[in-house]
Amino acid sequence: MTATETDCLLVIDVQADFLPGGALAVPDGDAVIAPINALGKIFRHVVLTQDWHPAGHASFAASHPGKAPFETTALAYGPQVLWPKHCIQGTSGAELSPGLALPHAQLVIRKGYRPGIDSYSAFREADRTTTTGLAGYLRERGFTRVFLCGLATDYCVAWSAVDARAARFQAVVVEDACRAIDRDGSLERAWGDMAAAGVERAESGAIGG
């Protein structure tokens, strides 16, 4: 598999709060950094995403008295998993990992900044109608395929990959450059959803420039 001028590497949410010691640490999350940096040497075109929540965001369990992290509640747009407070705007936990070596990244998409709507996907927020503008950016730049990596496989990576396909881009998830939360079968369901959408899977070592 060869990266071309119409391919873009999409690096999802490699932020302090999702790394070991963070407020919502993904198991083994820091293991994604080395393969992502290796991919960065192959891809000329890179886009980063950043979870960017205001304090008191509706997806935080602390915003719902009596609720605990990882429980589900109903918001205006449907069921919502409740999370520990994480990636709050302007805090160290929201910062991209300093271990990322991607100085040539061309865009940072911030998501989840609307107080009442969560946003796993880099393309569409959790109400499934509010867009981030990423699809339009990719089209105007002439990209036809995205390679996705980062955190977490079963949430933000998977939702982004499925939405990439819905926006008519080819999508490849680089498995060894992702890690999952994997609660209650979430990883298996995510891979099933991605397969049904036509998302491809690859290892970073199989991708050349």
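Heads up: the structure comes first, above all this text.
Here is what the cut-offs are and how they apply
Residues numbered from 1 in each chain as written. Predicted model: local features only at pLDDT ≥ 70, side-chain atom pairs only at ≥ 80, totals over all residues. Heavy atoms only, no water. Helix = DSSP H or I, 4+ residues; strand = E, 2+ residues; numbered from the N terminus. Rg over C-alpha atoms; globule rule 2.2 N^0.38 Å. Buried < 20%, exposed > 50% of the residue type's maximum accessible area, 1.4 Å probe, protein only. Areas by Shrake-Rupley, 256 points an atom, 1.4 Å probe, with all protein chains shown as cover. Lys, Arg positive; Asp, Glu negative; His and termini not counted. Charge placed at Lys NZ, Arg CZ, Asp CG, Glu CD. 1 Å grid on protein atoms, 1.4 Å probe; cavity = no way out; pocket = protein on both sides within 12 Å on 5 of 7 lines; lining within 4 Å. Points joined across faces, edges and corners; volume = space filled by probe spheres on them. Pairing = 2+ DSSP bridges. Contact = heavy atoms within 4.5 Å. Polar contact = N/O pair within 3.5 Å; in protein donor to acceptor, adjacent residues only side chain to side chain. Nonpolar A, V, L, I, M, F, W, Y, C, P; charged D, E, K, R; others polar. Axes fitted to C-alpha atoms, helices over the stretch in contact; angles between N-to-C directions.

Colleague: Summarise the overall build of the protein chain; cite the residues concerned and give the values.
Modeller: For the protein chain, the helix and strand inventory stands at 4 helices and 8 strands. Along the protein chain, helices and strands appear, N-terminal first, in the series β-α-β-β-β-β-α-β-α-β-α-β. Against the globule reference of 17 Å for 209 residues, the protein chain gives a C-alpha radius of gyration of 16 Å, in line with a compact fold. For the protein chain, the spread of C-alpha atoms along the principal axes amounts to about 50 × 30 × 30 Å. Buried residues in the protein chain amount to 53% of all 209 residues. Put simply, the protein chain shows about 8800 Å² of open surface, and 53% of that area lies on carbon and sulfur atoms. Of the side-chain charges in the protein chain, 18 are positive and 23 negative, and the distance between the mean point of each set is 5 Å.

Colleague: Go over empty space enclosed by the protein, please, and point to the residues and values.
Modeller: Enumeration according to the criterion identifies 1 cavity of 30 Å³ or more in this entry. The space that makes up the largest cavity amounts to roughly 140 Å³.

Colleague: If you had to explain the pairing of strand β2 (residues 46-51) to someone new, which residues and values would you point to?
Modeller: Two faces, one strand: in a regular strand the side chains alternate between the faces of the sheet. When you tally the buried positions in β2, you get 6 out of 6 residues, the bulk of the element. Pairing between strand β1 (residues 7-12) and β2: 4 bridges, direction parallel. Within the sheet, the bridge partner assigned to leucine 9 lies in β2 and is valine 46. Note that β2 and strand β5 (residues 107-111) share 5 bridges and pair parallel. Counterpart to threonine 49 in the pairing with β5 is isoleucine 109.

Colleague: Give me the side chain of histidine 64: which residues, what numbers.
Modeller: Among the secondary structure elements, histidine 64 is positioned in the loop between β2 and β3 (72-75). Classification of histidine 64 by relative accessible area gives buried; the value is 17%. With sequence-adjacent residues up to four places away left out, histidine 64 is seen in contact with Ala58, Thr73, Leu75 and Leu82.

Colleague: Please set out the environment of threonine 49 residue by residue, giving values where relevant.
Modeller: Within the secondary structure, threonine 49 is located in strand β2. Filtering out sequence-adjacent residues up to four positions away, threonine 49 remains in contact with Leu10, Val11, Ile12, Asp13, Gln15, Leu96, Ile109, Lys111 and Ala122. A distance of 2.6 Å separates the side chain of threonine 49 from the side chain of aspartate 13, its partner in a polar contact.

Colleague: Help me get a handle on unusual backbone geometry, residues and values and all.
Modeller: In this structure, the amide linkage connecting leucine 151 to the following residue, alanine 152, adopts the cis form with an omega of -10 degrees. Note that alanine 152 resides in the loop between β6 (145-151) and α3 (153-166). With a phi close to 50 degrees, aspartate 13 is a non-glycine residue in the positive phi region. By the secondary structure assignment, aspartate 13 is in the loop between β1 and α1 (33-40). Not every positive phi belongs to a glycine, and arginine 128 is a case in point at roughly 70 degrees. Mapped onto the secondary structure, arginine 128 falls in the loop between β5 and α2 (134-141). Overall, the relative accessible area of 27% leaves arginine 128 in the partly exposed class.

Colleague: Help me get a handle on the layout of surface pockets, residues and values and all.
Modeller: Approximately 360 Å³ is the volume found for the largest pocket. Along its surface, the largest pocket is lined by 18 residues, and Tyr120, Asp154, Tyr155, Trp159 and Asp193 are the ones closest to its centre. Top contributing element to the lining of the largest pocket by residue count: α3, with 6 residues. Split into classes, the residues belonging to the lining of the largest pocket amount to 10 nonpolar, 3 polar and 5 charged.

Colleague: Give me the lowdown on the sheet that holds β5, citing residues and values where you can.
Modeller: An order of β5-β2-β1-β6-β7-β8 is seen for the 6 strands of this open sheet, with the pairing classed as parallel. Two strands close off the open sheet at either side, each with one partner strand: β5 and β8 (200-202). In this sheet, adjacent strand axes meet at a mean angle of 25 degrees when their direction is disregarded.

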